[in-house]
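If you want the building blocks of each chain, they are given just below.
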Amino acid sequence: MLLDVKDIHKTYATADGPFEVLRGIGLTLDAGETLALTGESGSGKSTLLHLIGGLDTPDRGQIMLDGVDIAALDDNGRADLRRGTVGVVFQQFNLIPSLKVSDNIAFQARLAGRYDPDWLTVLADRMGLTPQMGKYPEQLSGGQQQRVAIARTLAPKPRLVLADEPTGNLDEATASVVMDLMLELVTVTGAGLLMVTHSDALAGRMQRRLHLRAGQVA
Ligand SMILES: Nc1ncnc2c1ncn2[C@@H]1O[C@H](COP(=O)(O)OP(=O)(O)OP(=O)(O)O)[C@@H](O)[C@H]1O
């Protein structure tokens, strides 16, 4: 099993006192599997994704990735995880304006020591970005920038791809194309995909669906 999440609890300190966002969440994901994470705004989806991506730590519970408990890793261990094993796609593209598209796509793979020019060529081709490789991010449309961001995430061939509304600000047709590519590339690399979405149509394209309600699996 690629990912095994057990009994995750997370409480935030707020002005009104402690607020328990996640109240005993569990989920599993195999390599090559796709899982949609749905739920109302505020139900804790992004919080859960952050914890699984090692961007924050749970108060209680276990997050096993390839048999390693990431909740027990120190900061360095979590940084290693973020560099190579787990790829995260956010709504904001966070492309580097001074780098060409090709170097943006290669950026994380180089950092992770997993730069593979042949794979980058395949990615660019499948994402329809080959003609854009020599351009800068500001010269691209929103949908093209989104595809660059996804290609960048997939470039190091992460074992697990976490995506938070990756197509949230794209029109339906572009979102569908981007989704096709992402699902195809995840299949090609054998990665697991966990994706937060508000869209029933997109959730329906994933193999399984997990619905959160007020910090618990509904
Ligand atoms: N750092 C924080 N400090 C305090 N409260 C927080 C913090 N981050 C999130 N929250 C609260 O935790 C709850 C869950 O937030 P989260 O972003 O995980 O929800 P979500 O399901 O992803 O929502 P959305 O669909 O709107 O993105 C919300 O009520 C939010 O206000």
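The name that an unreviewed UniProt entry assigns to the chain is Putative ABC transport system ATP-binding protein, with the source organism given as Yoonia sediminilitoris.

S.K.: With reference to specific residues and values, describe the site of the ligand.
M.R.: Neighbouring the ligand are Tyr-12, Phe-19, Val-21, Glu-40, Ser-41, Gly-42, Ser-43, Gly-44, Lys-45, Ser-46, Thr-47 and His-198. In this structure, Gly-42 approaches the ligand through a main-chain N or O atom, which is 2.8 Å from an oxygen atom. Considered on its own, the ligand offers 640 Å² of accessible surface; in the complex 60% of this is hidden by protein. Within the residue set of the shell around the ligand, elements represented by two or more residues are strand S2 (17-29) and helix H1 (45-52). For the shell around the ligand, the element with the most residues is H1, which contributes 3 residues. Taken together, the residues of the shell around the ligand sort by class into 3 nonpolar, 7 polar and 2 charged.

S.K.: Before we move on, can you summarise the sheet that holds strand S4 (residues 60-65) with the specific residues and values?
M.R.: One open sheet accounts for 4 strands, arranged S2-S1-S4-S5; its pairing is antiparallel. The open sheet is flanked by S2 and strand S5 (68-69), the only strands paired with a single partner. Where S4 and S5 come together, 2 bridges link them in antiparallel fashion. Bridging from a neighbouring strand, Leu-65 pairs with Val-68 of S5. Its contacts with the sheet put H1 on strand S1 (3-14), S2 and S4, and the angle it makes with S2 is roughly 65°.

S.K.: How would you sum up the environment of Pro-156? Please name residues and give values.
M.R.: Here Pro-156 is to be found in the loop between helix H5 (142-154) and strand S7 (160-164). Separated by 148 residues in sequence, Pro-156 and Ile-8 have C-alpha atoms that sit 28 Å apart. If sequence neighbours within four positions are ignored, Pro-156 has contacts with Gly-84, Gln-108, Ala-109, Ala-112 and Arg-114.

S.K.: Describe in detail the pattern of salt bridges, supporting the description with residues and values.
M.R.: Following the criterion strictly, the structure yields 10 salt bridges and no others. Between Arg-209 and Asp-200 there is a salt bridge; the shortest N-O distance is 3.1 Å.

S.K.: With reference to specific residues and values, describe helix H4 (residues 117-126).
M.R.: Within H4, the full set of buried residues consists of Trp-119, Leu-120, Leu-123 and Ala-124. Projection of H4 onto a plane perpendicular to its axis shows the buried side chains occupying an angular sector of 135°, all on one side. Turned more than 90 degrees away from the buried face of H4, the exposed residues are Asp-118 and Thr-121. Contacts from the buried residues of H4 go to helix H3 (101-111), H5 and helix H6 (172-189). Residue Asp-116 occupies the N-cap position of H4, its side-chain oxygen lying 3.0 Å from the main-chain nitrogen of Asp-118. Where H4 ends, the next residue or the one after it, Gly-128, has phi of about 65°, a positive value.

S.K.: Before we move on, can you summarise the environment of Asp-16 with the specific residues and values?
M.R.: Along the polypeptide, Asp-16 turns up in the loop between S1 and S2. Asp-16 gets classed as exposed once you look at its relative accessible area, which sits at 79%. For the pair Asp-16 and Gly-215, spaced 199 residues apart in the sequence, the C-alpha separation amounts to 18 Å.

S.K.: So what about the nonpolar core? Which residues, and what values?
M.R.: With 39 residues, the main nonpolar core has Ile-105, Met-127, Leu-154, Val-161 and Leu-193 as its most contacted residues. Mapped by element, the contributors of at least two residues to this core are H3, H4, H5, S7, H6, strand S8 (192-196) and helix H7 (200-203). At 8 residues, H6 tops the list of elements feeding residues into this core. Other than its neighbours up to four places away in sequence, Leu-193 contacts Leu-29, Glu-33, Thr-34, Leu-35, Val-161, Ala-163, Met-182, Leu-183, Val-186 and Met-206.

S.K.: Explain the pairing of S1 to me, using residue names and the numbers behind them.
M.R.: Here S1 runs beside S2; their pairing, made up of 10 bridges, is antiparallel. Its bridge partner lying in S2, Ala-13 is registered against Pro-18. Joining the antiparallel neighbours S1 and S2 is a turn of 2 residues. For S1 and S4, the ladder comprises 5 bridges, and the chain directions are antiparallel. Within S4, the residue paired with His-9 across the bridge is Arg-60.

Rules and cut-offs
- Residues numbered from 1 in each chain as written.
- Predicted model: local features only at pLDDT ≥ 70, side-chain atom pairs only at ≥ 80, totals over all residues.
- Heavy atoms only, no water.
- Near = heavy atom within 4 Å.
- Polar contact = N/O pair within 3.5 Å; in protein donor to acceptor, adjacent residues only side chain to side chain.
- Areas by Shrake-Rupley, 256 points an atom, 1.4 Å probe, with all protein chains shown as cover.
- Helix = DSSP H or I, 4+ residues; strand = E, 2+ residues; numbered from the N terminus.
- Nonpolar A, V, L, I, M, F, W, Y, C, P; charged D, E, K, R; others polar.
- Pairing = 2+ DSSP bridges.
- Contact = heavy atoms within 4.5 Å.
- Axes fitted to C-alpha atoms, helices over the stretch in contact; angles between N-to-C directions.
- Salt bridge = Lys/Arg side-chain N within 4 Å of Asp/Glu carboxyl O.
- Buried < 20%, exposed > 50% of the residue type's maximum accessible area, 1.4 Å probe, protein only.
- Arc of directions from axis to C-beta.
- Core = buried A, V, L, I, M, F, W, Y, C linked by side-chain atoms within 4.5 Å.

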